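In case you want the letters, here they are:
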Amino acid sequence: MAFYDKIKWVLGILMVFVIIVTTNLIDRNNFLRVKDSVTTIYEDRLIANDLLFEILKLVQEKEVAVALSDSTFFSVQNKVLDGNILGFMSRFEQTKLTTEEQKVFSDLKNNFETLARSETAFIQSGFEEKESVFGHVRTVKKNLYDLSKIQLNEGGRQISISNRAIDTVELYTQIEIYIL
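Description of the structure in this document. In this numbering scheme, every chain counts its residues from 1 along its sequence in written order. Thresholds applied to this predicted model are a pLDDT of at least 70 for local features of residues and 80 or more for the giving and counting of side-chain atom pairs; totals over whole chains, interfaces and linings are not thresholded and use all residues. With hydrogens and water excluded, all non-hydrogen atoms of the structure serve as input to the side-chain values.

**Some details on the overall build of the chain**
For step 1, the next point in the chain: Here a strand is any run of E in DSSP of at least two residues, a helix any run of H or I of at least four, and the numbering for each starts at the N terminus. For the chain, the count of helices and strands is 4 helices and 0 strands.
For step 2, the next point in the chain: Start at the N end of the chain and walk to the C end: the helices and strands fall as α-α-α-α.
For step 3, the next point in the chain: C-alpha atoms define the radius of gyration in this analysis, and the globule rule sets the expected value at 2.2 Å times the number of residues to the power 0.38. Here the C-alpha radius of gyration of the chain, 28 Å, is well above what a compact globule of 180 residues would show, namely 16 Å.
For step 4, the next point in the chain: Expressed along its principal axes, the backbone C-alpha trace of the chain runs to roughly 105 × 20 × 20 Å.

**Examining the side chain of Ser118**
For step 1, the next point in the chain: As for its placement among the helices and strands, Ser118 is situated in helix H3 (residues 99-124).
For step 2, the next point in the chain: On the basis of relative accessible area, Ser118 is assigned to the buried category, the value being 8%. For every residue, the accessible area (1.4 Å probe, protein chains only) is compared with the maximum for its type, and the residue is labelled buried under 20%, exposed over 50%, or partly exposed between those bounds.

**So, H3**
For step 1, the next point in the chain: When the terminal C-alpha atoms of H3 are compared, their 38 Å separation across 26 residues agrees well with the 38 Å that a helix rising 1.5 Å per residue should span.
For step 2, the next point in the chain: Taken residue by residue, H3 has Glu101, Val104, Phe105, Leu108, Asn111, Phe112, Leu115, Ser118, Glu119 and Phe122 as its buried positions.
For step 3, the next point in the chain: Immediately beyond the C-terminal end of H3, within one or two residues, lies Gly126, with a positive phi of roughly 75°. The span one expects for a helix is its residue count, reduced by one, times 1.5 Å.

**Concerning the pattern of salt bridges**
For step 1, the next point in the chain: When a carboxyl oxygen of Asp or Glu is within 4 Å of a side-chain nitrogen of Lys or Arg, the pair counts as a salt bridge. On inspection of all chains with the given rule, the structure shows 10 salt bridges.
For step 2, the next point in the chain: We note a salt bridge from Glu93 to Lys109, for which the minimum N-O separation is 2.9 Å. One end of the pair, Glu93, is in helix H2 (residues 71-93); the other, Lys109, is in helix H3, with 16 residues separating them in the sequence.
For step 3, the next point in the chain: A relative accessible area of 40% means that Glu93 is categorised as partly exposed.

**Details of unusual backbone geometry**
For step 1, the next point in the chain: Look at Ser69: it is not a glycine, yet its phi comes out positive at around 50°.
For step 2, the next point in the chain: Owing to a relative accessible area of 25%, Ser69 belongs among the partly exposed residues under this scheme.
For step 3, the next point in the chain: Not every positive phi belongs to a glycine, and Phe127 is a case in point at roughly 65°.

**Considering the environment of Lys103**
For step 1, the next point in the chain: Relative to the helices and strands, Lys103 resides in helix H3.
For step 2, the next point in the chain: What makes Lys103 exposed here is its relative accessible area of 54%.
For step 3, the next point in the chain: Considered as a pair, Lys103 and Leu147 are 44 residues apart in the sequence and their alpha carbons are 9.9 Å apart.

**Here we look at the packing of H2 against H3**
For step 1, the next point in the chain: The N-to-C vectors of H2 and H3 enclose an angle of 170°; their axes lie 12 Å apart at closest approach. Taken as axis vectors, H2 and H3 run roughly antiparallel relative to one another. For the pair H2 and H3, the contacting residues are Phe74, Asn78, Asp82, Ile85, Leu86, Met89, Phe92 and Glu93 in the first and Glu101, Phe105, Leu108, Lys109, Phe112, Glu119, Phe122 and Ile123 in the second.
For step 2, the next point in the chain: Gly counts as polar in this scheme, as do all residues outside two lists: the nonpolar Ala, Val, Leu, Ile, Met, Phe, Trp, Tyr, Cys and Pro, and the charged Asp, Glu, Lys and Arg. The class makeup of the residues in the contact of H2 with H3 is 10 nonpolar, 1 polar and 5 charged. To define axes, lines are fitted to C-alpha atoms, for helices over the stretch in contact only, and angles between the resulting N-to-C directions are given on a 0 to 180 degree scale. Any angle that is under 35 degrees is reported as roughly parallel, and any over 145 degrees as roughly antiparallel; angles of 65 to 115 degrees are reported as roughly perpendicular and all others as oblique. Here, residues are in contact when the closest pair of their heavy atoms is within 4.5 Å.

What follows is the structure, given as structure tokens:
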């Protein structure tokens, strides 16, 4: 074999090696993006949405108690529900929040505090001033609804990131096959 042929073989093998290493590094990066996206969907979207649902259930219990003017509820269960809601909010706050989520969540916390104050005024009024409490409940429910929609949109965005990463892996795999 001539020296020129040996150089062509060595360069050809080196080129194949470089292509394989390069595509593997790109694939590894894309698989990390997919893994992060799936983890984010679960931890920061599904769990967060579940927490919002739990908060909504508790707020609806409060709403029913106000509608029924249930003095037993306000003397026994309301503090427990408030503690549970604050616990769920604390867990929600530990997820990765987008800028929009942070704003709506901040509004939710403020509106929940306002709801608690209006419940105290409701109790002090002898269970007569319901409309103020109902208005604050509606505001809190609107915040929860908005946060739930953000979860859905962000989950879709994460799925889109995963799909783009998978498409990139498929593209580089096809290129690698054609070159080989």
